[in-house]
Amino acid sequence: MTNPAIEIQGLTKDYPVGFWRKRMCRSLDYLTLRVEEGETFGFLGPNGAGKTTTMKLLMGLIFPTAGTARVRGRSIEDVRMHREIGYMPEQPYFYDYLTARELLEYFARFFGYSAVERRERVTRFLELVGLTTASDVQLRKFSKGMLQRVGIAQAILHDPQVVFLDEPMSGLDPVGRREVRDIILNLKRQGRTVFFSTHILSDAEMLCDRVGVLVGGKLRGVGAPEELVSMEVLGMEILFEVRAGSAPPTSMAERATHTGNRYRVEVAEADLYSALEELRSCEARILSLAPLRPSLEDYFLKLVGREQAMQPPTEVSLV
Amino acid sequence: MSTHTLKLTSHLRSVALAVVAVPLLFVAIAALQARIDVLSAPVTQDKEELLLRSASLLKKLSLGYDPLLADIYWTRAVQYYGTRLQNRSGSFELLAPLLNIAATLDPKLLIVYQFGGIFLSDHPPGGAGRPDLAVELVKRGITANPNEWRLYYDLGFIYYTRLKDYQKASQAFLEGSETPAAPIWMKVMAARVAENGESLETSRFIWAELYDSTKDESVRKTALEHVQGLDAEIALKRLNQVSELYWKKFGRFPTSMQELRSAGLVQGDLKDPAGYPYAMGPHGIPQLDTHSSVKIESNQRKP
Amino acid sequence: MSTMPAVVAVNTFREAVRDRVLYNLIIFALMMIGGAILVGEISIGVHQMVIVNLGLSAISIFGIIMAIFIGVGLVHKEMEKRTLYSLLAKPIRRWEFLVGKFAGLLLTLLVNTALMTLGLTGALYYVSRTFQRSDVAILVAVYFILLELALITALALFFSCFSSPMLSTLYTLGIYVAGVFAPDIKGVSEYTQSPAMAAGARFVYYLLPNFHNFNVIAAAAHGETIPFTLIWHNTLYAALYVILILVAASAVFSGRNLK
């Protein structure tokens, strides 16, 4: 049996809160999770659910109250594990007196490359994230989006097998997001494991082999997006356009929404063909026909809503 | 399970290393420091003070913490005197500069003047043998504290005891007696010194007054020695007079204290302040026991 | 493994070099040394002594200011600004990071001190037009200043691991001042009447870093040679103490949760 890429067992983190730091607040509650090699795993959850906490625990920036974790068979306490992983923190912050190139060169030094190889790598990855023109500008002058790109570059420039990205799309414009998506897809194609957290569900749906939903520090659901979301078809959505001056069929008129001449109506699956017949008779133009399935968002909202309705923020008392 | 366990082995390793290494290192460092103290004694001892002989520069550098610095220099002066005394090296070159610096930094630190007055003027090995510097220092103190009767006393002390200048001594006592809170006997002292010059009784009074009033250990010690010495001298002087009476009576000098006792001229055990009995020397001149630790300044011999 | 601290050190040096405040300090120090030339035109002998005294004191003071000013932020700044997040994700151990920061600042101080010493030698040459054998004492004094700076840097770094820059400055400065007056503490232990006080004072005396050991400025001013055994002992003292502080800092920092 091969080693999973990431193996988390009962990982827990409590924080002392209150003026006298006596009460404990549990921000991660016995997280147990397994990610296989080559998987792209999406870590979802509302703000404050514990996603960043999980990443920081795996990186050794903070220490667990309980539980263990291994990456590629190595404990997270083993410094050698860091050779094989890349990490991009949420809202990355770097030495602002360095230029992008200098920063990447600095980080590259930790991996023992020769000077020539270092320079070549840095140039290549600067190009990959689209920062070639800005490579000799001091980081203090970079916009948030540019810093995000530097963040990705420094995470992957040593070709790590497992890549951890904390909210990699945040702060990027649609072009940037597209580029990040492409980078992730490329990593996937190279057979690397990608573990990223996000709250943009459409990205998760599109990119991930599996997702995990974290709510209030607890893992509430793990699986492939299509497994989590039932395949049940809820109905059909029809987009159509009526001819100028005409009205839509009366049976649909009330239920449909429209802008100008374009209408949208939902019909039960059984009624699909009769509805199409009605539209044909008034010579409406069909623009699109699509089955309605619950989306990951619905699943997500359902989970979150239920969770938050069920219990107040978890507090663990000091034993 | 306890909610606060840090099971991270790398942290535990660092803590374990610290717990073991830190005390060991401290021991090694302390041992090194002891060696360094021994090695650097000749290098740093005097030289460090030389730069700062300029007291006024030091005052400017001290950024307003003058009295604190004055205390430090005062302490150093005392240490300097103490170590030199122990080592019997004989020279007290830096004593005057150290005391002067302390006095510049805090002119109201009265003990500085008294200490300097006594130990600068005392002849080696007990002091620097520089009564002139002592006078200068005390006069500075008087200028800064004109109403402190004690300083006039210290000045008079130097003139009387060391310089044997009874006129100036009397003058000092007189001036001091005119300050507020001066004790009554100062005027009496002034008169007596002017009249008689040096006398054992006056000397004893002066040293005893010093012993009673001073707070400094070194001063007390030397004052006690002098008082004991003078007590012994006064006793010896009286015994000498008794010895002469004996001669008048018996036509010869007494050969022992016992003979004086048998003749009824003295009573009881006569011991000096250190507890040794007085002995009778040749020609009927009483002396201290050879083992006695009492020191007397002068040898008053009568033909 | 052993190259990690060096990597961090070089970057720390680069950061210091790009900090404008440092240049102001150096220029100010050089001005002081230059000004010493104007001070006291009495005779060549005394003139030289004054320049050496003032010059070495300036090098010492400015070195200490730099050591504390940068030192107290060494770790704290990286934790506050979160630059440490991406750094610690690399294959570097926490103690390697600390040693690297220490070495980087020490390197900075070395370079700055060297520059200022050059200025001092220049001023001396200008005044006396010769080099004498006694000038070696000045180099020894500068070496001792560097030992002193190493200790101060280590202290500042230690406090930087868990304390804000302002508090770290106070603690470091406090220990330094106490260390300068070490012989007086020893004096208390020798001349006090109470044995408890004597024992306490002696304990504190050996515990505190003895900065007085490193002050040979007066000796250098007189061109005296400092015995090699003393140089060696003081080097060992500084080295052991620095190691002690770094071990303690590592113990503190390796368990610290970053915010």
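Residues numbered from 1 in each chain as written. Chains lettered and ligands numbered in written order. Predicted model: local features only at pLDDT ≥ 70, side-chain atom pairs only at ≥ 80, totals over all residues. Heavy atoms only, no water.

Chemist: Which residues make up the overall build of chain A, and what values do they have?
Modeler: In terms of helices and strands, chain A carries 10 helices and 15 strands. Its C-alpha atoms put chain A at 75 × 55 × 45 Å along the principal axes. Buried residues in chain A amount to 50% of all 319 residues. Surface accessibility of chain A: about 15200 Å² in total, with carbon and sulfur atoms responsible for 51%. Chain A carries 41 positive and 42 negative side-chain charges, and their two centres are separated by 6 Å. (Helix = DSSP H or I, 4+ residues; strand = E, 2+ residues; numbered from the N terminus. Buried < 20%, exposed > 50% of the residue type's maximum accessible area, 1.4 Å probe, protein only. Areas by Shrake-Rupley, 256 points an atom, 1.4 Å probe, with all protein chains shown as cover. Lys, Arg positive; Asp, Glu negative; His and termini not counted. Charge placed at Lys NZ, Arg CZ, Asp CG, Glu CD.)

Chemist: Give me the sheet that holds strand E7 (residues 162-166) of chain A: which residues, what numbers.
Modeler: All names here are of chain A. Pairing in this open sheet of 6 strands is mixed, and the strands run E6-E7-E8-E3-E9-E10 from one edge to the other. The open sheet has two edge strands with one neighbour each: strand E6 (85-88) and strand E10 (218-223). Between one strand axis and the next, the sheet turns through 15° on average, direction left out of account. Sheet topology note: the strand E9 (residues 210-215)/E10 ladder contains 5 bridges and is antiparallel. Residue Val213 lies in a different strand from E10, and its bridge partner there is Gly221. Lying over the sheet, helix H4 (residues 144-156) contacts E6 and E7, oriented at roughly 170° with respect to E6. (Pairing = 2+ DSSP bridges. Axes fitted to C-alpha atoms, helices over the stretch in contact; angles between N-to-C directions. Contact = heavy atoms within 4.5 Å.)

Chemist: Tell me about the interface of chain C and chain B, residues and numbers included.
Modeler: Tallying the contact residues gives 34 residues for chain C and 33 residues for chain B. For the pairing of chain C and chain B, the buried interface totals around 3100 Å² over both sides, and the portion due to carbon and sulfur atoms is 71%. Viewed at the interface, chain B and chain C are joined by 1 salt bridge. The partner of Asp184 of chain C in a salt bridge is Arg76 of chain B, with the nearest N and O atoms 3.3 Å apart. (Buried area = accessible area lost by both parts, 1.4 Å probe. Salt bridge = Lys/Arg side-chain N within 4 Å of Asp/Glu carboxyl O.)

Chemist: Describe the side chain of Asn112 of chain C, with residues and values.
Modeler: With respect to the secondary-structure elements, Asn112 of chain C resides in helix H6 (residues 94-128). Apart from the residues lying within four places of it in its own chain, the contact partners of Asn112 of chain C are Leu22, Ile26 and Met66 of chain C.

Chemist: Any chance you could break down the nonpolar core for me, citing the residues and the numbers?
Modeler: Ranked by internal contacts, the top residues of the largest apolar core, which has 175 residues, are Phe110, Phe164 and Phe195 of chain A together with Leu56, Val75 and Phe97 of chain C. It is helix H7 (residues 136-160) of chain C that contributes the most residues to this core, 19 residues altogether. When residues no more than four places from it in sequence are discounted, the contact partners of Phe195 of chain A are Ile6, Leu33, Val35, Phe41, Phe43, Met55, Val163, Phe164 and Leu165 of chain A. Counting 59 residues, the second-largest nonpolar core is a separate cluster that includes Ala102, Val112, Met189 and Trp207 of chain B. (Core = buried A, V, L, I, M, F, W, Y, C linked by side-chain atoms within 4.5 Å.)

Chemist: Account for the sheet that holds strand E12 (residues 257-259) of chain A, with residues named and values stated.
Modeler: Residue and element names in this part refer to chain A. The 4 strands lie next to each other as E12-E13-E11-E14, forming an open sheet whose pairing is antiparallel. At either end of the open sheet lies a strand with only one pairing partner, and these are E12 and strand E14 (285-292). In this sheet, neighbouring strand axes are inclined to one another by 15° on average, regardless of whether the strands run parallel or antiparallel. Bridge count between strand E11 (residues 235-241) and strand E13 (residues 262-267): 6 bridges; the pairing is antiparallel. Across the sheet, Leu239 pairs through a bridge with Arg264, a residue of E13.

Chemist: Tell me about the packing of aromatic side chains, and name the residues and values.
Modeler: Any two aromatic rings considered together are summarised by their centre-to-centre distance and by the angle between their planes. All chains considered together, the criterion is met by 37 aromatic pairs over all chains. Where Phe159 of chain C meets Phe162 of chain C, the ring centres are 6.0 Å apart and the plane angle is 65°; that geometry is what we call edge-to-face. Classification of Phe162 of chain C as partly exposed rests on a relative accessible area of 36%. One aromatic cluster is present, built from ring pairs that chain together Phe26 of chain B together with Tyr143, Phe144, Tyr176, Phe211, Phe214, Tyr237 and Tyr241 of chain C. Against the face of Tyr211 of chain B rests Arg220 of chain B, its NZ or CZ located 4.7 Å from the ring centre. The ring centre of Phe253 of chain C lies 5.2 Å from the NZ or CZ of Arg94 of chain C, which sits over that ring. (Phe/Tyr/Trp six-rings, centres within 6.5 Å; stacked < 30°, edge-to-face > 60°. Lys NZ or Arg CZ within 6 Å of the ring centre and 35° of its normal.)

Chemist: Talk me through the interface of chain C and chain A; I want residue IDs and the actual numbers.
Modeler: At the interface, 28 residues of chain C touch 27 residues of chain A. Carbon and sulfur atoms make up 61% of the surface buried where chain C meets chain A, a total of about 2600 Å² over both sides. Remark: the boundary between chain C and chain A carries 2 salt bridges. The partner of Asp96 of chain A in a salt bridge is Lys81 of chain C, with the nearest N and O atoms 3.8 Å apart. Applying the counting rule to chain C against chain A returns 14 residue pairs in polar contact (both at pLDDT 80 or more). Contributions of two or more residues to the side of chain C that touches chain A are made by helix H1 (4-17), helix H4 (76-81) and helix H5 (83-88) of chain C. Each residue belonging to the side of chain C that touches chain A can be placed in one class, and the counts come to 11 nonpolar, 6 polar and 11 charged. (Polar contact = N/O pair within 3.5 Å; in protein donor to acceptor, adjacent residues only side chain to side chain. Nonpolar A, V, L, I, M, F, W, Y, C, P; charged D, E, K, R; others polar.)

Chemist: Describe the pattern of salt bridges, with residues and values.
Modeler: Residues and elements named next belong to chain A. Throughout the structure, instances matching the rule amount to 41 salt bridges over all chains. The residue Glu241 makes a salt bridge to Arg262 at a minimum N-O spacing of 3.5 Å. With Glu241 in strand E11 and Arg262 in strand E13, the pair connects residues that are 21 residues apart, well separated along the chain. Residue classification places Arg262 among the partly exposed residues on the basis of a relative accessible area of 48%. Within the structure, one salt-bridge network assembled from shared partners comprises Asp14, Arg26, Asp29 and Lys218.

Chemist: Which residues make up the confidence of the model for chain A, and what values go with them?
Modeler: Chain-level pLDDT for chain A is 86 on average; 94% of the residues reach the 70-or-more range. The weakest mean pLDDT in chain A belongs to strand E15 (residues 315-316) of chain A at 50; the strongest belongs to E6 of chain A at 96. (pLDDT = per-residue confidence, 0-100.)

Chemist: Can you explain the environment of Lys139 of chain B? Please cite residues and give values.
Modeler: All names here are of chain B. When you line up the elements, Lys139 lands in helix H7 (residues 131-144). According to the relative accessible area criterion, Lys139 is partly exposed, its value standing at 42%. Once the C-alpha coordinates of Lys139 and Gly117 are considered, the two residues, 22 residues apart in sequence, prove to be 9.8 Å apart. Residues in contact with Lys139, not counting those within four places in the same chain, are Leu155 and Tyr159.

Chemist: Pulling in residues and values, what's your account of the pairing of strand E4 (residues 66-71) of chain A?
Modeler: All names here are of chain A. The pairing of strand E1 (residues 6-17) with E4 spans 5 bridges and is classified as antiparallel. Paired with Ile6 across the strands is Val71, a residue of E4. Across 2 bridges, E4 lies against strand E5 (residues 74-75) in antiparallel orientation. Bridge assignment links Arg70 to a residue of E5, and that residue is Ser75.

Chemist: A description of the packing of helix H6 (residues 110-121) of chain B against helix H12 (residues 217-250) of chain B should follow, citing residues and the corresponding values.
Modeler: All names here are of chain B. Contact pair H6 / H12: the axes reach a minimum separation of 10 Å and the direction vectors enclose 45°. Judged by the inter-axis angle, H6 sits oblique to H12. Remark: the crossing between H6 and H12 carries left-handed chirality. Contact with H6, carried on its side by Gln114, Phe115, Ile118 and Phe119, involves Ser218, Val219 and Thr222 of H12 and no other residues of that element. Within the contact of H6 with H12, the residues separate by chemical class into 4 nonpolar, 3 polar and no charged. (Parallel < 35°, antiparallel > 145°, perpendicular 65-115°, else oblique. Left-handed = near helix turned anticlockwise from the far one by under 90°.)

Chemist: I'd like a rundown of the packing of helix H10 (residues 185-196) of chain B against helix H11 (residues 200-213) of chain B, residues and numbers included.
Modeler: All names here are of chain B. Look at H10 against H11: their axes get within 11 Å of each other, and the N-to-C directions meet at 145°. With respect to the hand of their crossing, H10 and H11 are arranged in left-handed fashion. The segment H10 lies against H11, with Trp185, Met189, Arg192 and Val193 engaging Thr202, Phe205, Ile206 and Glu209. The residue inventory of the contact of H10 with H11, partitioned by class, reads 5 nonpolar, 1 polar and 2 charged.

Chemist: Give me the pairing of strand E2 (residues 23-35) of chain A: which residues, what numbers.
Modeler: All names here are of chain A. One ladder, built from 9 bridges, connects E1 with E2; its direction is antiparallel. For Asp14, the partnering residue across the bridge sits in E2 and is Arg26. In textbook terms, the turn of a hairpin is the stretch between consecutive antiparallel strands, and for E1 and E2 this stretch comprises 5 residues, one of which, Gly18, has a positive phi near 90°.

Chemist: Please give an account of helix H5 (residues 95-105) of chain B that cites residues and values.
Modeler: Counting buried positions over the 11 residues of H5 of chain B gives 10, a clear majority of the element. If you check which residues of H5 of chain B are buried, you get Leu95, Ala96, Pro97, Leu98, Leu99, Ile101, Ala102, Ala103, Thr104 and Leu105 of chain B.

Chemist: Break down the layout of surface pockets for me, with residues and values.
Modeler: Residue and element names in this part refer to chain B. By volume, the second largest pocket is sized at about 1200 Å³. Taken together, 33 residues form the lining of the second largest pocket, with Tyr81, Leu85, Phe119, Ser218 and Lys221 sitting closest to its centre. In terms of residue count, helix H4 (residues 66-87) provides more of the lining of the second largest pocket than any other element does, 9 residues in total. (1 Å grid on protein atoms, 1.4 Å probe; cavity = no way out; pocket = protein on both sides within 12 Å on 5 of 7 lines; lining within 4 Å. Points joined across faces, edges and corners; volume = space filled by probe spheres on them.)

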